[in-house]
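Here are the chains, one letter per residue:
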Amino acid sequence: MASALGEGEASSSTATGDSCKHQVFLSFRGEDTRKGFTDHLSASLERRGITAYRDDKNLEKGDAIQDELLKAIEESMFAVVVLSPNYASSSWCLDELHKILECSKNHGLSVVPVFYNVEPSDVRHQKGNFKKALRKHQNRFGQDSDRIRRWTNALTQIASFSGWDSKNQQEARLVENIVDHIQKKLLPKFPSCPENLVGILPKMEDVFSLLGMGSNNVHFVGIRGMGGIGKTTVARAVYEAIQSKFQVCCFMRDVREVSKAKGFVHLQKLLLSTLNVSDEFYDIEDGKKMIRNWLCKKKVLLVLDDVSEEIQLENLAGKQDWFGPGSTVIITTRYMHLLEIHRVNGTYKVEGLVEEEALRLFCLKAFKRDQPEEGYLDLSKDIVKYTGGLPLALKVLGSYWCGRDLHFWHRTARELSSVLPSEILNTLKISFDHLEPTEKYIFLDIACFFKGMNRDEVVNILQMCDYYDGIENGIVTLIEKSLITLSKDEMLEMHDLLQDMGKNIVFQEFPTNPGKRSRLWSKKDIDQVLTNDMGTEAIQGIVLHSSYEAQWSIEAFSKTSQLTFLSLHGMKLPLGLNYLPRSLKVLHWNYCPLKTLPLADQKYELVEIKLRNSKIEQVWHGKKFLEKLKYMDLSVSENLTGTPDISGAPMLQKLNLQFCSGLSEVHPSLTHHENLVQLDFSNCTSLKTIPGKLKMSSLEELDLSNCSSFVNLPKFAECMKLSLLSLKRTSIKNLPRSVSSSLPLLCSLDLSCCNLTELAFPCNIFHLPLLTDLNLSRNKFVHVPISLHKLPNLKRLCLNNCPNLKSLPVLPSSIEKLEACNSFIAYGEIGYFDPCETIFNFFRSSSSDHSQVFIMEFTSWIYRKEKVSPWQSFLRFNLEDGEHISLPPQGDFPPNDRLGIILCFETATYLNKTDLCVCNGRRWITKKNSGEKGDRTYFILLTNDYFNAELCPDYTFKLSVNNALSYHMHNQAWSYGSNQCWGRWVHQQYFIDYMYDFDY
């Protein structure tokens, strides 16, 4: 062989199978090789299915030889030039050679010379027989003729091509090597089947963007997706499109199956066979060494298809330095984590076909055209929708229904979800079969029960059911193996076909008796089991969300001794129910028709009970032994009259009773419960009081909001952990002193809409050191009845709709947000509110405190005057949404005297909700308008510390403004949507000069 295989070969790869009539043109000297080497070569090509053009076989009688030969060369994809001792003695051969090289240059004809019993140097320099032959031609045509010059150049040029040398080689072996090489080079030129590769081009372009073509770096790229999604198809299309740019190419299909059946050594030998390497080895490590040794200097294109284990990659493409500069390794797999472990440079996830593409592919298989036949359109669309764009399913189902009548289509389509074709089922099941037992259980639970549910909720249910450990890791594995996906809003999703596969696996546990299956979800199966007492210990979970009247036996669950998860919704049970299994851990029953739960005097495993919108009147009678119960939700159970005795549920942490409008009695066991953390009585409109004293040492949240009849707040035991207390819209008249003395950890207190006066507050209410959020809106006091400046951590204060309020108290330095809309109005438009003083107090206190930002919201007209001196020096600037603004300091005051920046915005909230955002480069300060009617003015105060020198050069900040917003100066006309802002730097002298210029 004259040089390494495939290097420097003359081919621009522009000649393709669909533009050429012949695959190979053979140029040879008949008297030298016709009955020997050329005949063997031609026969071997034909055995491989490669058509070869020979001038002594294909010329028809009477044709002009010269013109026919030239045309045949132009219509060929490949040319093999057999340079034998007497080749140059034929003028026809030399004219063929010139034409071949011309087509190579202009049309991409691939050329391979074979130096048969001649030295390449004799051809290049026209020595020996080639010199003698040219001398005879010179005597005939003239030494300086154009033909002689063309022939000489052609011989020199063909000798520089990579080719084959017959010296020291067995002729049979030489012929086979040449044919192998031609076949590999012809393969990418053969046309593929684009009519069936629907939607392939966008996917190819996405993969191309990851390959780094033109770079000398070695790129490992992953193509991942669920079974049958088209990973191999995409990889093959990309491979065929770019393989001409590489020295060595190998598409290794079905790595998972081949490695399992024949071992890694076989795969290693298969890869090395692309280089005609025949060295024998039987050890994996030797194979790895040989791959690296032979390929580390070659530009390689390698596709490893259907990789399932890391060891497969380690033995075939262990590291990037195994391959030469510019190499590309493409890995197709179902397992995302495998690609992460191998540190690929990029990953492309193959998605299903969009609806239009899917319908076209289905029709090509079902109707042999790209549109449905008349009468089949709606049914075809339904089938395509069911497949979710999975190419494998579209092809299999399309082929299945091809040629069938419409009656057959309708009959079999109804059975599709329960009887999947085996070709689809087996392909999808491969990933499931490779799961660990725990991962299989989780997959089946999601397929049967939890598809479309929030991830955290599913994890919580599975953990409570206590089937198995490693729930979180199991879900991650299922995502990595493309069996489930996670939506942007954290919902667990699964392809419909995968879901049907999972349900089919459960169905096959016992096809003839649903009572012996592990999971039940079908209304038909559940009715059959629970109506006829067919339940067994095999059943672990039942989910049925269907509103209907069920004729279940009152002993329906008596034999389901291993049932742990029961989720029902909306059915009626006219016969009632007198038994729930002790094994039950999670009970969800929306619109439960029972008046009480049928619990006996025995221990139960229940961890969570949810009975929303139920007809429950009494949850259970007397004391029940629920030692593991942690969560109970009875919300919107309007017939419930009292809370249950929970003394037998010592681990209960959350009790939700909101919107239980008939609830009026609280069982004494509640007020002494030691582990309850959250207690929600909101909107229990019949509740008047909680008896006794609250001695709930773990209680952190108590919500009594909108309990309109609630009058008396009980006393609190000392040192309770309560952090949130809401008394919004209650009828309380006084706050007990224990609110301050016994709740040292209280962070949020809501006393809004209670019509309270100053007399309702104890004098020591300010002893709340951790209070951060205080809502006193819609009350009747004239002065704020709390010494706010003694609340060291208060950040948010709401005083909206306090019409009698005269003025604001001194605020603590920690304050970040103040709302006082529609307050001060009892005194008319002139009002008593002085924003300048409040602003000055903020800047003065924040200079020695951590607070850097303060937002105030007011009704606009409260402080607006014809002339308000402090605001006239504000600068106005226009802006577009998201624009960066620089506000230069004003005056000659030194930087140390500056206090910060005031920004003033005014909005018309009856137009739209408005978002105001200010950013210093690190964090956004956001105010979301409530959208209630009425004009709002916002002050955003930013201290010097907010403007970090590195983040905000020249005190630059960014404003983001959404919806209808106008920035208003008090003596200017309103201009909604005008995108103007008013602001200025302030300093201490500024407030001294103008503090008392307000003319009230």
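What counts and what doesn't
Residues numbered from 1 in each chain as written. Predicted model: local features only at pLDDT ≥ 70, side-chain atom pairs only at ≥ 80, totals over all residues. Heavy atoms only, no water. Helix = DSSP H or I, 4+ residues; strand = E, 2+ residues; numbered from the N terminus. Buried < 20%, exposed > 50% of the residue type's maximum accessible area, 1.4 Å probe, protein only. Contact = heavy atoms within 4.5 Å. Areas by Shrake-Rupley, 256 points an atom, 1.4 Å probe, with all protein chains shown as cover. Pairing = 2+ DSSP bridges. Axes fitted to C-alpha atoms, helices over the stretch in contact; angles between N-to-C directions. Core = buried A, V, L, I, M, F, W, Y, C linked by side-chain atoms within 4.5 Å. Polar contact = N/O pair within 3.5 Å; in protein donor to acceptor, adjacent residues only side chain to side chain. Salt bridge = Lys/Arg side-chain N within 4 Å of Asp/Glu carboxyl O. Right-handed = clockwise from strand over helix to strand, strands pointing away. pLDDT = per-residue confidence, 0-100. Expected span 1.5 Å × (residues − 1). 1 Å grid on protein atoms, 1.4 Å probe; cavity = no way out; pocket = protein on both sides within 12 Å on 5 of 7 lines; lining within 4 Å. Points joined across faces, edges and corners; volume = space filled by probe spheres on them. Nonpolar A, V, L, I, M, F, W, Y, C, P; charged D, E, K, R; others polar. Domains from an automatic or database assignment. Phe/Tyr/Trp six-rings, centres within 6.5 Å; stacked < 30°, edge-to-face > 60°. Lys NZ or Arg CZ within 6 Å of the ring centre and 35° of its normal. Parallel < 35°, antiparallel > 145°, perpendicular 65-115°, else oblique. Left-handed = near helix turned anticlockwise from the far one by under 90°.

- As annotated in an unreviewed UniProt entry, the protein carries the name Disease resistance protein RPV1-like and comes from Arachis duranensis.

Comments concerning the overall build of the protein
Consideration 1: The secondary structure content of the protein amounts to 29 helices and 35 strands.
Consideration 2: For the protein, the residues scored as buried account for 52% of the 1000 residues in total.
Consideration 3: Contacts in the protein between residues at least 24 apart in sequence constitute 60% of all its contacts with a sequence separation of at least 6.
Consideration 4: For the protein, the exposed area adds up to about 44900 Å²; of that, 46% sits on carbon and sulfur atoms.

Points about the sheet that holds strand β9 (residues 328-333)
Consideration 1: The strand order across the open sheet built from five strands is β7-β8-β9-β6-β10, with neighbouring strands paired in parallel fashion. The open sheet terminates on both sides in strands that have one partner only, identified here as β7 (248-252) and β10 (346-349). Averaged over all pairs of adjacent strands, the angle between strand axes in this sheet comes to 15°, irrespective of strand direction.
Consideration 2: Two elements, strand β8 (residues 300-307) and β9, share five bridges in a ladder whose sense is parallel. Paired with Leu 301 across the bridge in β9 is Thr 328.
Consideration 3: Sheet contacts for helix α10 (residues 231-242): β6 (219-224), β7, β8 and β9; angle to β7, the most-contacted strand, approximately 165°.

Describing the sheet that holds strand β1 (residues 22-27)
Consideration 1: Ordered by their spatial adjacency, five strands build an open sheet running β2-β1-β3-β4-β5, and the pairing between neighbours is parallel. Only two strands of the sheet have a single neighbouring strand rather than two, namely β2 (52-53) and β5 (164-165).
Consideration 2: Bridge count for strand β3 (residues 76-83) against strand β4 (residues 110-115) is six bridges, and the pairing is parallel. Across the sheet, the residue bridging to Val 80 is Val 112, located in β4.

Points about the nonpolar core
Inside soluble globular proteins, nonpolar side chains tend to come together where they are buried.
Consideration 1: Membership of the largest hydrophobic core comes to 109 residues, with the highest contact counts inside it found for Trp 552 and Phe 681.
Consideration 2: Beyond its immediate chain neighbours, meaning those up to four positions away, Phe 681 contacts Thr 643, Leu 657, Leu 663, Val 666, Leu 670, Leu 687, Ile 690, Leu 702, Asp 703, Leu 704 and Cys 707.
Consideration 3: Counting 86 residues, the second-largest nonpolar core is a separate cluster that includes Leu 425, Phe 432, Tyr 468 and Leu 478.

Focus: the side chain of Ser 698
Consideration 1: Here Ser 698 lies in the loop between β20 (678-680) and β21 (701-703).
Consideration 2: A polar contact of 2.5 Å, which involves the side chain of Ser 698, links it to the backbone oxygen of Glu 674.
Consideration 3: Not counting residues within four places of it along the chain, the set of residues in contact with Ser 698 comprises Glu 674, Asn 675, Leu 676, Val 677 and Lys 721.

Quick notes on the environment of Glu 119
Consideration 1: For Glu 119, the location among the structural elements is in the loop between β4 and α5 (120-125).
Consideration 2: Judged by relative accessible area, Glu 119 falls into the partly exposed class, the value being 33%.
Consideration 3: Within polar-contact distance, the side chain of Glu 119 engages the side chain of Lys 167 at 3.3 Å.

Side note on unusual backbone geometry
Consideration 1: The phi dihedral of Asn 168 falls on the positive side, at around 65°, and the residue is not glycine.
Consideration 2: Judged by its relative accessible area of 77%, Asn 168 is exposed.

Observations concerning the pattern of salt bridges
Consideration 1: Under the defined criterion, the tally for this structure stands at 27 salt bridges.
Consideration 2: A salt bridge links Lys 523 to Asp 527; the shortest N-O distance between them is 3.7 Å. Of the two residues, Lys 523 and Asp 527 are both situated in helix α25 (residues 523-531); the distance of four residues between them amounts to about one turn of the helix.
Consideration 3: Judged by its relative accessible area of 37%, Lys 523 falls in the partly exposed class.
Consideration 4: For Asp 527, a relative accessible area of 18% puts it in the buried group.
Consideration 5: Its salt-bridge partner being Arg 612, residue Asp 633 comes within 2.6 Å of it at the nearest N-O pair. Note that Asp 633 is positioned in strand β18 (residues 631-633) and Arg 612 in the loop between β17 (608-610) and β18, a separation of 21 residues in sequence.
Consideration 6: For Asp 633, a relative accessible area of 7% gives the class buried.
Consideration 7: Salt bridges here are not isolated pairs; linked through shared partners, they connect Glu 74, Lys 99 and Glu 102.

A few points about the pairing of β8
Consideration 1: Taken across its eight residues, β8 has eight buried, putting it largely inside the fold.
Consideration 2: Of the strand pairs in this sheet, β7 and β8 are connected by five bridges, and their pairing is parallel. For Cys 250, the partnering residue across the bridge sits in β8 and is Leu 302.
Consideration 3: Between the parallel elements β8 and β9, the chain passes through helix α14 (residues 310-316) in a crossover that is right-handed.

Details of the confidence of the model for the protein
Consideration 1: Considering every residue of the protein, the mean pLDDT works out to 82; 80% of them sit at 70 or more.
Consideration 2: The low-confidence segment residues 1-16 (pLDDT under 50) makes 47 contacts with residues lying over four places distant or belonging to another chain.
Consideration 3: Here residues 861-870 is a poorly scored stretch, pLDDT under 50, and it has 31 contacts once near neighbours within four places are set aside; other chains count.

Points about helix α4 (residues 91-107)
In an α-helix there are 3.6 residues to a turn, and that puts residues three or four apart on one side.
Consideration 1: Compared with an ideal rise of 1.5 Å per residue, which puts 17 residues at 24 Å, α4 spans 23 Å between its outermost C-alpha atoms and is within 8% of the ideal.
Consideration 2: Restricting attention to buried positions, one finds in α4 the residues Ser 91, Cys 93, Leu 94, Asp 95, Glu 96, Leu 97, Lys 99, Ile 100, Leu 101, Cys 103 and Ser 104.
Consideration 3: Put simply, Ser 90 is the residue that caps the front of α4, since its side-chain oxygen is 3.3 Å from the backbone nitrogen of Trp 92.
Consideration 4: Positioned one or two residues after α4, Gly 108 has a phi angle of 80°, which is positive.

Details of the side chain of Ser 669
Consideration 1: For Ser 669, the location among the structural elements is in helix α26 (residues 668-671).
Consideration 2: Side chain to side chain, Ser 669 and His 667 meet in a polar contact 2.9 Å long.
Consideration 3: When residues no more than four places from it in sequence are discounted, the contact partners of Ser 669 are Pro 644, Asp 645, Ile 646 and Ser 647.

Observations regarding empty space enclosed by the protein
One way to see where empty space is left: roll a probe the size of a water molecule over the atoms.
Consideration 1: For the coordinates displayed, the defined rule picks out five cavities of 30 Å³ or more.
Consideration 2: Along the wall of the largest cavity there are 14 residues; nearest its centre are Val 198, Ile 200, Thr 233, Leu 353 and Pro 391.
Consideration 3: For the lining of the largest cavity, the elements supplying multiple residues, two or more each, are α9 (200-211), α10 and α18 (391-401).
Consideration 4: Its residues assigned to classes, the lining of the largest cavity shows eight nonpolar, four polar and two charged.
Consideration 5: Built from parts of two domains, the lining of the largest cavity gets at least three residues from each of domain 2 (200-349) and domain 3 (355-416).

Topic: the packing of aromatic side chains
In this description, a pair of aromatic rings is defined by centroid distance and the angle of the planes.
Consideration 1: By the definition in use, this model includes 18 aromatic pairs.
Consideration 2: When the centroid spacing of 5.9 Å and the interplanar angle of 80° are considered together, the rings of Phe 362 and Trp 409 count as edge-to-face. With Phe 362 in helix α16 (residues 355-366) and Trp 409 in helix α19 (residues 406-414), this pair connects stretches of sequence that are 47 residues apart. Like Phe 362, the residue Trp 409 is buried in the burial classification.
Consideration 3: Here the aromatic rings of Phe 450 and Phe 565 are separated by 5.5 Å at their centres, their planes lie at 45°, and the arrangement is tilted. Remark: Phe 565 occurs in strand β15 (residues 565-569) and Phe 450 occurs in helix α21 (residues 437-450); sequence separation between them is 115 residues. The residues Phe 450 and Phe 565 share a single accessibility class, namely buried.
Consideration 4: Above the ring of Phe 141, the side-chain terminus of Arg 147 is found at 4.8 Å from the ring centroid.

Regarding the pairing of β3
Consideration 1: Along β3, eight of the eight residues are buried, which leaves the element largely enclosed by surrounding structure.
Consideration 2: Pairing analysis gives five bridges linking β1 to β3, with the strands arranged parallel. Bridge pairing in β3 places Leu 26 opposite Val 80.
Consideration 3: Note that the unit made of β3, α4 and β4 has a crossover that is right-handed.

A word on the environment of Ala 358
Consideration 1: Examined against the element boundaries, Ala 358 turns out to sit in helix α16.
Consideration 2: Through-space distance from the C-alpha of Ala 358 to that of Pro 391 is 7.4 Å; in sequence the pair is 33 residues apart.
Consideration 3: With residues near it in sequence (within four places) discarded, Ala 358 still touches Leu 353, Val 384, Gly 389 and Leu 394.

Things to note about the packing of helix α6 (residues 129-141) against helix α7 (residues 146-158)
Consideration 1: Orientation of α6 relative to α7, taken along the N-to-C sense of each, is 165°, at an axis distance of 10 Å. On the basis of the axis angle, α6 is roughly antiparallel to α7. For the element pair α6 and α7, the recorded crossing hand is right-handed. The segment α6 lies against α7, with Phe 130, Leu 134, His 137, Gln 138 and Phe 141 engaging Arg 147, Ile 148, Trp 151, Thr 152 and Leu 155.

A few points about α10
Consideration 1: In this model, α10 (twelve residues) spans 17 Å end to end at C-alpha, consistent with the 16 Å of a helix rising 1.5 Å per residue.
Consideration 2: Taken together, the buried positions of α10 are occupied by Lys 231, Val 234, Ala 235, Ala 237, Val 238, Tyr 239 and Ile 242.
Consideration 3: The inward-facing, buried residues of α10 abut α9, β6, β7, β8 and β9.

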